[in-house]
Each structure stands twice: as structure tokens, then as C-alpha cells.
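Results of the structural survey
These are the residues of each chain, in order.
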Amino acid sequence: MDTLNATPPNQALRLFNGQDVSNWTTRDGRPAGWKVEDGVLHVVPGTGDIMTTQRFTDFYLHLEFRCPDMPEARGQGKGNSGVFLQGRYEIQVLDSYGINIPGKGDCGAIYNQFAPLVNACKPPLEWQTYDVIFRAPRVSDAQQIEAGARLTLLFNGCVIHNNIELPGVTGAAIDERVGEPGPLLLQDHSNLVAYRNIWAVELPLEGSPTYEPR
Ligand code: MG
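A brief look at the structure comes next. Nothing here was measured: the structure is a model prediction, and the numbers come from that model. (Residues numbered from 1 in each chain as written. Predicted model: local features only at pLDDT ≥ 70, side-chain atom pairs only at ≥ 80, totals over all residues. Heavy atoms only, no water.)

**Concerning the coordination of the magnesium ion**
- Protein ligation of the magnesium ion involves Asn 80 (OD1), Ser 81 (O), Glu 90 (OE), Gln 92 (OE1) and Gln 187 (OE1), the donor distances falling in the range 2.2 to 2.4 Å.
- Spacing between the donor residues of the magnesium ion along their common chain follows N-S-x8-E-x1-Q-x94-Q. Of this pair, Asn 80 sits in the loop between strand 6 (59-66) and strand 7 (81-85) while Glu 90 sits in strand 8 (residues 89-93), placing them 10 residues apart in sequence. Taken individually, Asn 80 and Glu 90 each receive the classification buried, so the pair is uniform in this respect. (Donors = N, O, S within 2.8 Å, 3.2 Å for Na, K, Ca; no water. Helix = DSSP H or I, 4+ residues; strand = E, 2+ residues; numbered from the N terminus. Buried < 20%, exposed > 50% of the residue type's maximum accessible area, 1.4 Å probe, protein only.)

The structure is reproduced here in C-alpha cells:
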């Protein structure tokens with residue numbers, strides 16, 4: 001199932017308006033420093049990570065990204081960025097094209113927690129898709145974590161995480177207040193990664209407990 005250029009459903013929140021970064025800030029709330037050209041959002045190295053002003057709990061997320069061609073670069077220096085769900089859980093963005101068995105730092109990994117089931121990475125300079133179904137942690141009134149964050153991830157239409165439960169936040173999370181809504185955060189890792197077509201559909205936290213026959 002290819003979701004490249006997917007049309008956002010009516011109820012979707014367009015997180016990137018294709019024109020500017022007015023609904024994004026830096027981690028400390030200053031105006032975002034990334035640039036927009038021809039409807040594409042570009043990392044400006046050194047300006048820092050950017051995050052949405054909106055906050056989310058459970059959601060479906062679609063986005064598209066493109067890694068630069070860096071033939072001399074290796075490992076974590078090759079087209080590195082990242083998509084942080086709620087600002088706390090990083091889905092790695094990296095040029096991992098051609099790697100046989102992807103690891104916990106490769107493209108699509110939950111950084112340092114889960115390697116992708118398969119390597120679905122396209123070559124650099126090609127647009128690629130992430131479609132995420134995210135369920136936030138459930139935290140009791142006494143601040144006990146009753147269920148960890150769960151996610152399913154399709155990378156270029158391939159299922160690479162199947163309803164996994166995360167043990168906690170990944171490195172460089174905005175905070176550890178996992179019971180609170182959080183933003184979508186994109187990482188500046190000094191490489192010229194680009195993004196487009198970013199939207200989310202908020203999901204209800206649970207369905208109705210009743211059944212009313214019609
Ligand atoms: Mg990264």
C-alpha cells in the first residue's frame with residue numbers, strides 16, 4: 001500500500017501548511033528556523049529541532065521525508081533526522097538504503113529500542129512515507145503508568161512495527177511527563193533532510209460502552 005502523496009482526510013489536522021512554519025517553534029518556544037520552499041520543509045542545520053504548537057494524545061500520523069545523498073557519509077552521519085511522537089519517542093530518519101538487516105539506529109527504528117522488522121528504505125533523494133498509529137501511555141491519577149505507548153508503523157507501505165509497546169521515552173525526549181499530550185517534533189541532526197505532507201487525525205481514547213440498536 002503506497003501512501004505517497006496521500007490526500008488528508010477531512011478531519012485531518014494539517015501540521016505543515018506548505019507555506020511557512022508559523023505553527024511550529026523550537027524546543028524552547030522561539031520561532032522555528034527551518035525554511036519552506038515550493039511546499040517542502042527543509043532542515044536548516046544549526047537552527048535546532050522544531051515542534052508543533054499543537055499537542056496530541058492518540059493519533060494517526062502521515063508524513064513524507066527525503067534524505068540527502070551523502071555517499072561519503074556513514075552510519076548516524078548519513079541523512080539523519082527524526083520524528084518524535086509526542087516529542088518523546090523518536091522514529092529514526094536516516095539513509096539506511098541497502099542495509100541488509102536494519103538495527104535499532106536505522107531508518108524506521110524506534111531509536112535504541114526497536115529495530116524495524118524489515119528494511120523498507122528507498123534510496124536517498126526519493127520521497128518516503130511514514131504512517132503511524134500511536135496510542136499514548138495510560139497513566140493513573142496516582143501517576144502510575146498502566147500501559148506504555150504503543151505504535152504501529154508503516155514505512156513506504158510496509159509494516160515495520162506491529163503494535164509494539166515502548167518501554168519508555170527515547171533519548172532527547174522533550175520531557176518524561178508521559179501522561180500529558182505532546183507535540184510532533186522533527187529533529188535537526190545537521191543533515192539536509194526535507195519533509196512534506198504532514199498531517200494527523202486525532203483518535204478517540206476509547207469507543208462507546210453502549211450499543212444502541214437502531
Ligand atoms: Mg535521528
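**With respect to the pattern of salt bridges**
- Evaluation of the coordinates by the stated rule reveals eight salt bridges.
- Close ionic contact of Glu 165 with Arg 150 constitutes a salt bridge, the shortest N to O distance being 3.1 Å. On the criterion of sequence distance, the pair formed by Glu 165 in strand 13 (residues 158-165) and Arg 150 in strand 12 (residues 150-155) is long-range, its members being 15 residues apart.
- Of the residues examined, Glu 165 reaches a relative accessible area of 39% and is grouped as partly exposed.
- In this structure Arg 150 comes out as partly exposed when scored by relative accessible area, which is 26%.
- Counted as one network, the salt bridges with shared partners bring together Arg 88, Asp 175, Arg 177 and Glu 180. (Salt bridge = Lys/Arg side-chain N within 4 Å of Asp/Glu carboxyl O.)

**What to know about the pairing of strand 12**
- Burial within strand 12 is extensive, with five of its six residues counted as buried.
- In this structure, strand 9 (residues 128-135) lies alongside strand 12, joined through six bridges in antiparallel fashion. Directly across from Val 132, in strand 12, lies its bridge partner Leu 153.
- Hairpin connection of strand 12 to strand 13: two residues between the antiparallel strands, including Asn 156 at a positive phi of 50°. (Pairing = 2+ DSSP bridges.)

**Here's the deal with the sheet that holds strand 5 (residues 50-52)**
- The antiparallel open sheet is built from five strands, whose spatial order is 2-5-14-7-8. Each edge of the sheet is formed by a strand with only one pairing partner; in this case those strands are strand 2 (24-25) and strand 8.
- Relative to strand 5, strand 2 runs antiparallel, the two being bridged by two bridges. Looking at the pairing, Thr 25 lines up with Met 51 of strand 5.

**What to know about the state of the cysteines**
- Following the criterion strictly, the structure yields zero disulfides and no others.
- Cysteine Cys 121 remains unbridged, with the sulfur of Cys 107 as its closest cysteine sulfur at 4.1 Å.
- Exposure remark for Cys 121: the relative accessible area of 8% places this residue in the buried category. (Disulfide = S-S within 2.5 Å.)

**Considerations on the packing of aromatic side chains**
- In this structure the tally under the stated criterion is eight aromatic pairs.
- With 5.9 Å between their ring centres and 20° between their planes, Tyr 60 and Trp 199 make a pair best called stacked. Placement of Tyr 60 in strand 6 and of Trp 199 in strand 15 (residues 194-202) is noted, with a sequence separation of 139 residues between them.
- Residue Trp 199 is classed as buried on the basis of its relative accessible area, which comes to 5%.
- Between Phe 65 and Tyr 130, the aromatic rings sit 4.8 Å apart at their centres with planes inclined by 45°, giving tilted as the arrangement. Here Phe 65, found in strand 6, pairs with Tyr 130, found in strand 9; they are 65 residues apart in sequence, far enough to count as distant. (Phe/Tyr/Trp six-rings, centres within 6.5 Å; stacked < 30°, edge-to-face > 60°.)

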